[in-house]
Amino acid sequence: MKKQTVTYPLRLPASLKAAVAEISKEDGTSINQFVATAVAEKVSAMKTAEFFTSHRAKADIKAARRILQRKGGQPPEPEDRLR
């Protein structure tokens, strides 16, 4: 399945564009790929925050504490223990 793309003219301050060009060159990517990835990361972060905000009211704190304090199961592996 082919992804549909659109063109969007973007205006950036010259200093920001220069920084993006430098970083994308060091990373071996295009400026377009860098900007698209940065936008995707920001959208993902905002959607994640929105998800947790909308689900916060549905949380059952008492049930979560009961689960965390229950007995049983296997002890943590040595490499999983906190130092």
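Scroll up for the structure.
Residues numbered from 1 in each chain as written. Predicted model: local features only at pLDDT ≥ 70, side-chain atom pairs only at ≥ 80, totals over all residues. Heavy atoms only, no water.

**Observations concerning a nonpolar patch on the surface**
Then comes step 1: A cluster of nonpolar side chains, contributed by Tyr8, Leu10, Leu12 and Leu16, occupies part of the molecular surface with about 420 Å² of accessible area.
Then comes step 2: As for its position among the elements, tyrosine 8 is in the segment before α1 (14–27).
Then comes step 3: A residue is classified by how much of its surface remains accessible, and tyrosine 8, at 67% relative accessible area, is exposed. (Patch = residues over 30% accessible without salt bridge, like charges linked within 9 Å, V, L, I, M, F, W, Y side chains within 5 Å. Areas by Shrake-Rupley, 256 points an atom, 1.4 Å probe, with all protein chains shown as cover. Salt bridge = Lys/Arg side-chain N within 4 Å of Asp/Glu carboxyl O. Helix = DSSP H or I, 4+ residues; strand = E, 2+ residues; numbered from the N terminus. Buried < 20%, exposed > 50% of the residue type's maximum accessible area, 1.4 Å probe, protein only.)

**Description of the packing of aromatic side chains**
The relative placement of two aromatic rings is captured by the distance of their centres and the angle of their planes.
Then comes step 1: Across all of its chains, the model carries 1 aromatic pair by this definition.
Then comes step 2: Between phenylalanine 51 and phenylalanine 52, the ring centres sit 5.3 Å apart and the planes meet at 80°, which makes this aromatic pair edge-to-face.
Then comes step 3: A relative accessible area of 42% places phenylalanine 51 in the partly exposed class.
Then comes step 4: Judged by relative accessible area, which is 55%, phenylalanine 52 ranks as exposed. (Phe/Tyr/Trp six-rings, centres within 6.5 Å; stacked < 30°, edge-to-face > 60°.)

Any functional reading would require information that these geometric values do not contain.
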